[in-house]
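Summary of the model geometry
This is what each chain is made of:
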Amino acid sequence: MRKKSDEATAPGVDWDAEAAAFDEEPDHGLRDPTVRAAWARRLRAWLPERGCDLLDLGCGTGSLSLLAAEQGHRVTGVDLSPSMIDLARAKLAGRDAVFLRGDAAAPPVGEQRFDTLLVRHVLWTLPDPARVLRHWRGLVRPGGRLVLVEGVWGTVAPVGIPADRLTALLAPLTEHARVERLSQDAGLWGGAVTDERYAVVATV
């Protein structure tokens, strides 16, 4: 999860420095009951009905990891920031969850495979998204799914990944991919937004 206010410079952001205030963004901390409920509904639709092994890449402070754990999933979270990882571990203390410090592009999970890979607002910050997606595909068990929440932000110099580009990158790697437009769901963001925000749910 990455701040849209940092969108133009996100690859160089000091996420340790950002960690303390990270959850102040409505869609990061999910402190507002309406925002939290909106994300919980989406996750319930995107994730398997039964508890699964879920890998949350770029997990930040673990807000989505917590929702997934509350829905019965076994969570492994990865983030490059030690401060983010510390906050996520505290947030999910006592839950069926483990958090690892590492690069979302090459998460330190060894030979472990997952039923679902969840990534929100991370892929656009990584160099060579096609290569990253191929690697992520290899982390998912047959019949599993990728849940990728992305967007395009800004008007003068927009940054991000348009939905059509992401689905094109996924086409040779997945059996089926569907796009859900999220911009009009103000509950997810704590208010109205005008930029392109979406989720792609792809089965492998």
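Summarised in this report is the structure supplied together with it.

Basis of the calculations
Residues numbered from 1 in each chain as written. Predicted model: local features only at pLDDT ≥ 70, side-chain atom pairs only at ≥ 80, totals over all residues. Heavy atoms only, no water. Helix = DSSP H or I, 4+ residues; strand = E, 2+ residues; numbered from the N terminus. Rg over C-alpha atoms; globule rule 2.2 N^0.38 Å. Buried < 20%, exposed > 50% of the residue type's maximum accessible area, 1.4 Å probe, protein only. Contact = heavy atoms within 4.5 Å. Areas by Shrake-Rupley, 256 points an atom, 1.4 Å probe, with all protein chains shown as cover. Lys, Arg positive; Asp, Glu negative; His and termini not counted. Charge placed at Lys NZ, Arg CZ, Asp CG, Glu CD. Pairing = 2+ DSSP bridges. Arc of directions from axis to C-beta.

Now for the overall build of the protein. Along its length, the protein carries eight helices and eight strands. Against the globule reference of 17 Å for 204 residues, the protein gives a C-alpha radius of gyration of 15 Å, in line with a compact fold. Projected onto its principal axes, the C-alpha positions of the protein cover 40 × 40 × 30 Å. Buried residues in the protein amount to 52% of all 204 residues. Counted over contacts in the protein with a minimum sequence separation of 6, partners at least 24 positions apart contribute 65%. Of the roughly 8,900 Å² of accessible surface on the protein, 50% is carried by carbon and sulfur atoms. The protein carries 25 positive and 28 negative side-chain charges, and their two centres are separated by 5 Å.

It is worth spelling out the pairing of strand E4 (residues 114-120) at this point. Most of E4 is tucked away, with six of its seven residues classed as buried. Alignment of strand E1 (residues 53-57) against E4, held across four bridges, turns out to be parallel. Bridging from a neighbouring strand, leucine 57 pairs with valine 119 of E4. When E4 meets strand E5 (residues 140-153), the two strands line up parallel, connected through six bridges. Within the sheet, the bridge partner assigned to leucine 117 lies in E5 and is leucine 146.

One turn of the α-helix equals 3.6 residues, which is why residues spaced by three or four share an orientation. Taken together, the buried positions of helix H1 (residues 15-22) are Trp15, Ala19 and Phe22. The buried residues of H1 all sit within an arc of 75° when viewed along its axis, so they share a single face. Structural note: H1 exposes Ala17 and Ala20 on the side pointing more than 90 degrees away from its buried face. Here the buried face of H1 lies against helix H2 (26-29) and helix H5 (82-91).

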